[in-house]
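A closer look at the structure
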Amino acid sequence: MKRFLNILVAILLAAVLAGYAVAYSVRYNESVIVTTLGSADENSVKNAPGGEPDAGLHFKLPWPIQRIAARFDTRVQVLEAAIEQVTTADQQSIILRITLNWRVDDPLAFYKSLGSMDAATRQLRTRVRAANGLAGDYRFDELANLEGSGQTLDELAGRIHELVQTGLDDRGYGLTIESVGITKLQLPAAVTQSVFDRMRAEREVLARRARDRGQTQGQSLITRANEDARTILAFARQQASTIQSRGEQMEAETLARLEGDAADLALLLDELDAVRRSINGRDRWYIKVGDMYPFNTLMGQPSNSASGGTE
């Protein structure tokens with residue numbers, strides 16, 4: 001009985017070892033390279049990105065015929081590059097840090113060229129360090145985003161993305177850069193205060209120019225408004241003079257017509273006007289009403305025989 005148990009255990013152990021030698025599993029987030037006699041081709045890749053999902057249990061020939069050469073995580077990886085100090089176009093030293101999101105896009109090419117995730121990380125760091133020099137094409141005020149648009153940093157990140165991706169494609173590394181971001185942009189502590197002072201002076205010059213331009217425009221508006229006011233006032237005076245002249249003409253025409261139509265009324269108006277002028281003077285007049293019409297009729301005097309005297 002004991003011998004039988006030993007044989008059974010030996011058989012089970014052999015089955016486990018045989019299963020381990022010919023079976024393997026592939027997770028959903030990884031690609032596996034299975035080589036045959038040390039070589040690999042497209043059929044050696046299991047669960048390749050962009051292809052049919054092939055995760056789960058698989059079988060292979062036992063070693064040394066076939067073996068699992070590598071497993072690669074196909075999820076997006078994050079690489080935060082080392083802080084680099086670069087010089088801008090205006091000779092200003094800045095500190096820059098780039099972050100990359102990348103993944104293995106072609107497991108077979110990646111296996112043949114780099115072979116491991118650590119090697120890929122080293123390669124990416126080297127290429128990002130070289131691409132940081134693109135910051136030298138911009139002035140510091142453009143990178144610092146003083147205008148609030150953020151377009152310059154986006155443009156720089158896009159150029160770094162393109163440069164790194166082109167280098168990877170040329171070497172056939174099987175890597176894809178998903179995105180590039182600039183996570184740090186600052187000045188070295190030794191030059192921060194001097195740069196701030198220079199920036200403040202530049203902004204003060206711009207502010208002074210803006211104030212001068214505003215004052216010039218304001219004075220121009222005031223001058224134009226005064227000219228318009230004088231033009232309007234002259235026109236109003238001309239119109240008033242024209243209306244007054246027309247009124248005096250109409251008055252004269254009306255009086256002439258009345259004098260022609262009613263001579264007695266005109267005579268009366270002249271007499272009243274003479275009385276008004278006399279009253280406004282310093283002399284006092286005594287008028288004998290008996291000599292005036294219609295009182296002269298009562299007094300038996302002919303008309304227009306009034307007399308008066310001054311005191």
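Numbers given to residues run from 1 along each chain, matching the order in which its sequence is written. In keeping with the predicted nature of the model, local features appear solely for residues at pLDDT of at least 70, side-chain atom pairs appear and are counted solely at 80 or more, and the whole-chain, interface and lining totals rest on all residues. Values reported for side chains reflect all heavy atoms of the structure, with hydrogen atoms and water molecules removed beforehand.

1. Digging into the overall build of the protein
Let me state the cut-off plainly: By the criteria applied, helices consist of DSSP H or I runs no shorter than four residues and strands consist of E runs no shorter than two, each listed in order from the N terminus. Under the scheme applied here, a residue whose accessible area is under 20% of the maximum for its type counts as buried, over 50% as exposed, and between as partly exposed, the area being computed with a 1.4 Å probe on protein chains only. Contacts are assigned to residue pairs that have any heavy atoms within 4.5 Å of one another. For every accessible area listed, the method is Shrake-Rupley and the probe measures 1.4 Å; residues are considered covered only by the protein chains on display.
A tally of regular secondary structure across the protein gives eight helices and eleven strands. Each of the 311 residues in the protein was classed as buried or not, and the buried ones make up 24%. Here the contacts in the protein between residues at least 6 apart in sequence split such that 67% fall between residues at least 24 apart. Looking at the protein as shown, the accessible area adds up to about 21400 Å², and 55% of this sits on carbon and sulfur atoms.

2. Observations concerning the sheet that holds strand β2 (residues 30-36)
This is how it is decided: When DSSP finds two or more bridges between a pair of strands, those strands are recorded as paired.
Strand order across the open sheet formed by three strands is β3-β2-β5, with antiparallel pairing between neighbours. Each having just a single partner strand, β3 (45-46) and β5 (66-73) make up the two edges of the open sheet. Where β2 meets β5, seven bridges bridge the pair, whose relative direction is antiparallel. The partner of V34 across the bridge, within β5, is I68.

3. Quick word on empty space enclosed by the protein
Unfilled space is identified by rolling a water-sized probe across the atoms. Heads up, the condition is: Cavities and pockets are defined on a 1 Å grid built over the protein atoms alone: a cavity is a set of grid points where a 1.4 Å probe fits but cannot escape, while a pocket is an open set with protein on both sides within 12 Å along at least five of seven lines, and lining residues are those with an atom within 4 Å of any such point. Grid points are joined across faces, edges and corners, and a volume is the space filled by probe spheres set on the points. Each residue is assigned to one of three groups, with Ala, Val, Leu, Ile, Met, Phe, Trp, Tyr, Cys and Pro labelled nonpolar, Asp, Glu, Lys and Arg labelled charged, and all others, Gly among them, labelled polar.
Counting across every chain of the model gives one cavity of 30 Å³ or more. Of the voids in this model, the largest cavity is the one considered here, and its volume is about 40 Å³. Along the walls of the largest cavity sit A81, A82, E84, R125, V128, R129 and N132, which together make up its complete lining. Top contributing element to the lining of the largest cavity by residue count: helix α3 (residues 117-131), with three residues. In terms of residue class, the lining of the largest cavity is built from three nonpolar, one polar and three charged.

4. A closer look at the nonpolar core
Short version of the rule: Buried residues of nine kinds, namely Ala, Val, Leu, Ile, Met, Phe, Trp, Tyr and Cys, make up a nonpolar core once their side-chain atoms join them within 4.5 Å.
Counting residues in each nonpolar core, the largest one holds 38 residues, and the members touching the most others are L100, W102, L124, I160, V164, L175 and I177. Put simply, the parts of the chain that give this core at least two residues each are β5, β8 (93-104), α2 (107-113), α3, α4 (140-143), α5 (151-171) and β9 (175-186). With six residues, β8 is the single largest residue contributor to this core.

5. Comments concerning the confidence of the model for the protein
Caution is warranted with low-pLDDT regions, since their predicted coordinates should not be read in detail. Let me state the cut-off plainly: Confidence scores per residue from the predictor, reported as pLDDT, run from 0 to 100.
Chain-level pLDDT for the protein is 81 on average; 76% of the residues reach the 70-or-more range. Long-range and interchain partners of residues 305-311, a stretch whose pLDDT sits below 50, account for 15 contacts in this model, where long-range means more than four residues apart.

6. Here's the deal with the pairing of strand β7 (residues 84-87)
Only one face of β7 is buried, namely the one carrying E84 and V86, since none of Q85 and T87 on the opposite face is buried. As defined by bridge partners, β7 adjoins β8 across four bridges and the pair is classed as antiparallel. Note that in β8 the partner of V86 across the bridge is I94. In this antiparallel pair of consecutive strands, β7 and β8, the connection spans five residues, and Q91 shows a positive phi of 65°.

7. What to know about a nonpolar patch on the surface
What counts is decided by this rule: Residues forming no salt bridge and having over 30% relative accessible area are the ones grouped into patches, like charges within 9 Å of each other and nonpolar side chains (Val, Leu, Ile, Met, Phe, Trp, Tyr) within 5 Å. Here, a salt bridge means any Lys or Arg side-chain nitrogen found within 4 Å of an Asp or Glu carboxyl oxygen.
Together, L37, L61 and I65 give the surface a local cluster of nonpolar side chains, amounting to about 300 Å² of exposed area. Within the secondary structure, L37 sits in the loop between β2 and β3. Taking relative accessible area as the criterion, L37 reaches 69% and is therefore assigned exposed.

8. Re α5
Here is the rule we go by: For a helix, the expected span equals 1.5 Å multiplied by the number of residues minus one.
The first and last C-alpha atoms of α5 sit 31 Å apart over 21 residues, in line with the 30 Å expected at 1.5 Å per residue. Considered for burial, the residues of α5 that qualify are T152, L156, A157, I160, V164, Q165, G167 and L168. Backbone geometry just after α5 places G172 at a positive phi near 65°.

9. Examining the packing of aromatic side chains
Put simply, the rule is: Two rings belonging to Phe, Tyr or Trp (six-membered ring only in the last case) form a pair when the distance between their centres is within 6.5 Å. Interplanar angles under 30 degrees mark stacking, angles over 60 mark edge-to-face geometry, and anything in between is tilted.
Applying the stated criterion across every chain yields a total of one aromatic pair. Both rings, one in F72 and one in F110, keep their centres 4.8 Å apart while their planes meet at 85°; by these two values the pair is edge-to-face. Remark: F110 occurs in helix α2 and F72 occurs in strand β5; sequence separation between them is 38 residues. Each member of the pair, F72 as well as F110, carries the same accessibility label: buried.

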